[in-house]
Amino acid sequence: MQLTLLLDLDDTLLDTNLDSFGPAYFHALEGHMARRVAPEVMLTALISGTNLMNESEDPTHTLQEVFESSFIPAVGISKEEFDEFVDDFYDNVFPTLGSLTKQRAEAASLVEWALARGFRVAIATD
């Protein structure tokens, strides 16, 4: 049986100061969606959708489904438009936040070690 090693990005593979990164991330996301959604509406919907995800124990729905079922109606855009915003944000805006985090020195060697021993490696974050 092949074992899977699940690694979290924040504070495992990356050294991220969430007190700095979190506000910068939310500000960037607000700014990116501002042409279509008022920042205060977006932030309220984001917090609500995130709380629903954190509270969900329903194995029949993915966390993405739980989030979108709350967020999309609250901000008044279509699923397609939301998907376009998200794709564009992660392709073009999110990389600009890279200066707020850095790779831990041991990260690459840990992943290489696990792969060399036949582990499947899954990297996740919240």
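In what follows, the accompanying structure is described.

Scoring rules and cut-offs
Residues numbered from 1 in each chain as written. Predicted model: local features only at pLDDT ≥ 70, side-chain atom pairs only at ≥ 80, totals over all residues. Heavy atoms only, no water. Core = buried A, V, L, I, M, F, W, Y, C linked by side-chain atoms within 4.5 Å. Buried < 20%, exposed > 50% of the residue type's maximum accessible area, 1.4 Å probe, protein only. Helix = DSSP H or I, 4+ residues; strand = E, 2+ residues; numbered from the N terminus. Contact = heavy atoms within 4.5 Å. Salt bridge = Lys/Arg side-chain N within 4 Å of Asp/Glu carboxyl O.

**Examining the nonpolar core**
The biggest cluster of nonpolar side chains holds 19 residues, and the ones touching the most others in it are Leu29, Met33, Met42, Phe71 and Ile77. For this core, the secondary-structure elements that each account for two or more residues are helix H1 (18–33), helix H2 (39–55), helix H3 (63–75) and helix H4 (79–93). Sorting elements by how many residues they give to this core places H1 first, with 5 residues. Filtering out sequence-adjacent residues up to four positions away, Phe71 remains in contact with Met33, Met42, Ala45, Leu46 and Phe82.

**Details of the pattern of salt bridges**
As enumerated under the stated definition, the model contains 4 salt bridges in all. The partner of Arg104 in a salt bridge is Asp11, and the shortest N-O contact between them spans 3.9 Å. In this pair, Arg104 sits in the loop between strand S3 (101–103) and helix H5 (107–116) while Asp11 sits in the loop between strand S1 (4–8) and strand S2 (14–16), placing the two residues 93 residues apart along the sequence. Classification of Asp11 by relative accessible area gives partly exposed; the value is 40%. A single salt-bridge network, built from bridges that share partners, covers Glu68, Lys79 and Asp83.

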